Amino acid sequence: MDAMLLWALLAGGFWMFKRHDEQRRIVLLSGFLRQFRLEERMAQLTDAYLRALGEADPERAEPIWRNLAATEAALQSELQQLAAALKDVWGEHLRVSRWPVSLPMATRLFPQHSFDLHALVALHAQGVAATLRNDEGLSIRDRAFRTTAELLLFQHSCHWFCRSKTVASARVLRRHQTSYAQVLAAVSPATRAAYERLVSG
């Protein structure tokens, strides 16, 4: 068999296996996410934060801040519910590869180079809850910036599970004009420390 044809067949098989593995992950996570309105609430919240932060007149911004309480509470509750729901999934199905690119079966063949999505989502739920409680007494603007960062990091984690860290970072940069490093630097110190321990092993 011609060497070029052999390489083409191997590459095609690898791509199909990789795609199947990614689709399985997407279906699994989207099945849980469909139970909630997390994406909708995240968009509502971040858009409202931007409107409020863009108001030069504090009196005009005040009603926007005031009307966000219900959305913040609902989002916090749904994140906690998602973390609780993921407890019922067999652990092997929720493993996330630490490698920067997606390789099929990587979490099964190299479990030492992976971490648990359930633990990561629970961490995000705790981080968002602490920021919304404003445990550190941040100003309303700093609280909004930090909440946005916590939510973007959660979004990054979902994309990382479904695809890879590299794809997740590229999506955050493309959609929000913010790098992964900037997002990580903007979350709370507690979230950042716990996150780095988990994803780096």
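Shown above is the structure to which this text applies.
Everything numeric in this text was worked out from a predicted model, so none of it was measured.

What counts and what doesn't
- Residues numbered from 1 in each chain as written.
- Predicted model: local features only at pLDDT ≥ 70, side-chain atom pairs only at ≥ 80, totals over all residues.
- Heavy atoms only, no water.
- Buried < 20%, exposed > 50% of the residue type's maximum accessible area, 1.4 Å probe, protein only.
- Helix = DSSP H or I, 4+ residues; strand = E, 2+ residues; numbered from the N terminus.
- Arc of directions from axis to C-beta.
- Polar contact = N/O pair within 3.5 Å; in protein donor to acceptor, adjacent residues only side chain to side chain.
- Axes fitted to C-alpha atoms, helices over the stretch in contact; angles between N-to-C directions.
- Parallel < 35°, antiparallel > 145°, perpendicular 65-115°, else oblique.
- Left-handed = near helix turned anticlockwise from the far one by under 90°.
- Contact = heavy atoms within 4.5 Å.
- Nonpolar A, V, L, I, M, F, W, Y, C, P; charged D, E, K, R; others polar.
- Phe/Tyr/Trp six-rings, centres within 6.5 Å; stacked < 30°, edge-to-face > 60°.

**A word on helix H3 (residues 58-66)**
Right, so step 1: Listing the buried residues of H3 in full gives Ala61, Ile64 and Trp65. Angular distribution of buried residues about the axis of H3 spans 100°; they occupy a single face of the element. Every exposed residue of H3 that faces more than 90 degrees away from the buried side is listed here: Glu59, Arg60 and Arg66.
Right, so step 2: Here H3 starts with a cap whose side-chain oxygen sits 3.0 Å from the backbone nitrogen of glutamate 59, and that cap is aspartate 57.

**As for the packing of helix H4 (residues 69-85) against helix H7 (residues 140-162)**
Right, so step 1: It is the contact of H4 with H7, at a shortest axis distance of 13 Å, that shows an interaxial angle of 30°. In terms of axis orientation, H4 runs roughly parallel to H7. The two elements H4 and H7 cross, and the hand of that crossing is left-handed. Across from Glu72, Leu75, Leu79 and Leu82 in H4, the residues of H7 making contact are Arg143, Leu151 and Phe154.
Right, so step 2: Among the residues forming the contact of H4 with H7, the class breakdown is 5 nonpolar, no polar and 2 charged.

**Concerning the packing of aromatic side chains**
Right, so step 1: Under the counting rule described, the total for this entry stands at 2 aromatic pairs.
Right, so step 2: Centroid distance tyrosine 49 to tryptophan 65: 5.9 Å. Interplanar angle 40°. Geometry classified as tilted. One end of the pair, tyrosine 49, is in helix H2 (residues 38-54); the other, tryptophan 65, is in helix H3, and 16 residues separate them in sequence.
Right, so step 3: When the ring of phenylalanine 115 is compared with that of tryptophan 160, the centres are 5.1 Å apart and the planes differ by 80°; the resulting orientation is edge-to-face. Of this pair, phenylalanine 115 sits in strand E2 (residues 114-116) while tryptophan 160 sits in helix H7, and the two are 45 residues apart along the sequence.
Right, so step 4: Assessed through its relative accessible area of 1%, phenylalanine 115 is described here as buried.

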